[in-house]
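Geometric and topological summary
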Amino acid sequence: MFFDLSGPVVKKLSLALKRHKLMMCAAESCTGGLIAAACTNEAGSSAWFSGGVVTYTNDMKMRLLKVPVEVLREYGAVSLPVVRQMSVGACKACAAQCAIAVSGIAGPDGGTPEKPVGTVCLAVAVPGGLELKKPPQADYLKKSGMHVFAQTARFDGGREEVRQAACLLGLEMLLHALGR
């Protein structure tokens, strides 16, 4: 499975963001910039995409996104508490109102029995004042005046398939939260 960077999900997301007059950003770990690439593949994306950060190491998650060291130590980088923090931190770092955050184990190594290869945690943060729809399978938390939806997914396939699937799910989660 390979994600079409110019596919309909990005087009629909761009329209939803423009309709709400919102800017989005991305905080990516295992996807390594795929979300940013998908967004910037759309002509005119500077009207709704402010930027993204690839925070592959815990140190970068702490420095750029202000993820507390205690949260990383207690839950690990691939966890819902971490991606929630990443999404809120990305909004601040990128001067955006919405964010997608992703951290996972794309493989082929790095998995554990508790978090096997293909485990990906995702979060989307959106402004607190919006009328929203909870994405399917996502939990909800209000944090720093924002609505944060997060979920854990498990994807099959090789490294590239896991990364592509995580990118697509993150985009779909934000689109769903904004009401398509």
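Overview of the structure. Bear in mind that the values here come from a model prediction, so they are computed numbers and not experimental data.

What counts as what
- Residues numbered from 1 in each chain as written.
- Predicted model: local features only at pLDDT ≥ 70, side-chain atom pairs only at ≥ 80, totals over all residues.
- Heavy atoms only, no water.
- Core = buried A, V, L, I, M, F, W, Y, C linked by side-chain atoms within 4.5 Å.
- Buried < 20%, exposed > 50% of the residue type's maximum accessible area, 1.4 Å probe, protein only.
- Helix = DSSP H or I, 4+ residues; strand = E, 2+ residues; numbered from the N terminus.
- Contact = heavy atoms within 4.5 Å.
- Phe/Tyr/Trp six-rings, centres within 6.5 Å; stacked < 30°, edge-to-face > 60°.

Next up on the list: the nonpolar core. Met-24, Ile-35, Leu-171, Leu-174 and Leu-178 are the most contacted members of the largest nonpolar core, which has 38 residues in total. Broken down by element, the residue count for this core peaks at 10 residues, all from helix 6 (residues 159-177). When near neighbours in sequence (up to four residues on either side) are disregarded, Ile-35 contacts Met-24, Ala-26, Glu-28, Ile-100, Val-102, Cys-167 and Leu-171. Counting residues in hydrophobic clusters, the runner-up holds 27 residues, among them Ala-27, Val-67, Val-82 and Met-86.

Under the defined criterion, the tally for this structure stands at 1 aromatic pair. On the basis of an interplanar angle of 70° and a centroid distance of 6.4 Å, the ring pair of Trp-48 and Phe-49 is categorised as edge-to-face. You'll find Trp-48 and Phe-49 in the same group, each marked buried.

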